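This is what each chain is made of:
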Amino acid sequence: RQANKHQELRYFSLECRRDGKAAGERMHKFFVERGAKGLPFVEVYRGDTLLEATTVAPTGVEAFSHAIGRAIEAAQRARAQ
């Protein structure tokens, strides 16, 4: 639904599967290093610059939408400078 609302953005997804295998442990370490306290964890970038990072609870679609809105506003401010 958010992808339809903000079509100018690109969306990527990673799943953390901690299953005791080396790849699962590396993925878990990656999420911990990113500061993810829960999943889904969303990061919004403009190029290589992190604009917003937040955990989205299953009932937190509204918070996710606000994070996208803040990221778009930050990108627009950066373009204006």
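Trainee: Now, about the overall build of the protein: what can you tell me, with residues and values included?
Mentor: Per the secondary structure count, the protein includes three helices and two strands. Along the protein, helices and strands appear, N-terminal first, in the series α-α-β-β-α. Taken over the C-alpha atoms alone, the protein extends approximately 45 × 30 × 20 Å along its principal axes. Counting all 81 residues of the protein, 25% fall into the buried class. Sequence-distant contacts in the protein: of pairs separated by 6 or more residues, those separated by 24 or more amount to 25%. On the protein, roughly 6,400 Å² of surface is accessible, and the fraction owed to carbon and sulfur atoms is 51%. Distance from the positive charge centre (14 side chains) to the negative charge centre (10 side chains) of the protein: 1 Å.

Trainee: Just give me the short version of the pattern of salt bridges, but keep the residues and values in it.
Mentor: Inspection of the entire model under this criterion finds two salt bridges. Across the salt bridge formed by K29 and E33, the nearest N and O atoms sit 3.9 Å from each other. Here E33 and K29 lie together in helix α2 (residues 22–34), a separation of four residues that amounts to about one turn. Looking at K29, the relative accessible area reads 52%, which means it is exposed. Classification of E33 as exposed rests on a relative accessible area of 56%. With its nearest N and O atoms 3.0 Å apart, the salt bridge here joins E43 to R34.

Conventions used here
- Residues numbered from 1 in each chain as written.
- Predicted model: local features only at pLDDT ≥ 70, side-chain atom pairs only at ≥ 80, totals over all residues.
- Heavy atoms only, no water.
- Helix = DSSP H or I, 4+ residues; strand = E, 2+ residues; numbered from the N terminus.
- Buried < 20%, exposed > 50% of the residue type's maximum accessible area, 1.4 Å probe, protein only.
- Contact = heavy atoms within 4.5 Å.
- Areas by Shrake-Rupley, 256 points an atom, 1.4 Å probe, with all protein chains shown as cover.
- Lys, Arg positive; Asp, Glu negative; His and termini not counted.
- Charge placed at Lys NZ, Arg CZ, Asp CG, Glu CD.
- Salt bridge = Lys/Arg side-chain N within 4 Å of Asp/Glu carboxyl O.

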